[in-house]
Amino acid sequence: MNLWTLLAIFWSMQIAAYLSFKSGSQSTSSRSGKWMKSFVIGNVIGATSIIFLMRIYAKMPDNPNLALVLAVVGSGLGCQLAMALVFRSRLSIVQWSGIALALAGTVVAVLG
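Residues numbered from 1 in each chain as written. Predicted model: local features only at pLDDT ≥ 70, side-chain atom pairs only at ≥ 80, totals over all residues. Heavy atoms only, no water.

### Some points on the confidence of the model for the protein
- Residue-level pLDDT values for the protein average 92, and 96% of them are 70 or greater.
- Within the protein, the lowest mean pLDDT, 93, falls on helix α4 (residues 93–111), and the highest, 95, falls on helix α1 (residues 3–25). (pLDDT = per-residue confidence, 0-100. Helix = DSSP H or I, 4+ residues; strand = E, 2+ residues; numbered from the N terminus.)

### Comments concerning the environment of S27
- Tracing the chain through its elements places S27 in the loop between α1 and α2 (33–59).
- The spacing of S27 and S38 is 11 residues in sequence and 9.8 Å in space, taken between C-alpha atoms.
- Excluding anything up to four places from it in sequence, S27 contacts S32, K34 and W35. (Contact = heavy atoms within 4.5 Å.)

### Looking at α1
- Helix length check: α1 (23 residues) gives 33 Å between terminal C-alpha atoms against 33 Å at 1.5 Å per residue, within 8%.
- Every buried residue of α1 is accounted for by L3, L6, L7, F10, M13, Q14, A17, S20 and G24.
- Each element contacted by the buried residues of α1 is listed here: α2 and α3 (64–86).
- Between the side-chain oxygen at the start of α1 and the backbone nitrogen of W4 there is a gap of 3.0 Å, and the oxygen is on N2. (Expected span 1.5 Å × (residues − 1). Buried < 20%, exposed > 50% of the residue type's maximum accessible area, 1.4 Å probe, protein only. Polar contact = N/O pair within 3.5 Å; in protein donor to acceptor, adjacent residues only side chain to side chain.)

Laid out in structure tokens, this is it:
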């Protein structure tokens, strides 16, 4: 698998895990079935995604910090955008600016 495919899978799994956590957090009690189901699903998906992070590191053995930047910033931005879409939260101009700056910083790190 190439690097971009591994990153896309990692990002997708992280997004799915965080959407599961958010969905479960809307339950009124931590003892409810929905809360526990979302907790377990989110953790299984999130923990499994680490396999792909390790493969990303293997693809970039000389630059693990860059691998981490690509993985973490990509999943963080993806999670923020997915949360806004799925849960219909409006992002402020400051939040959009933060997304743009994080993306620009990632591009600078990759090109540098």
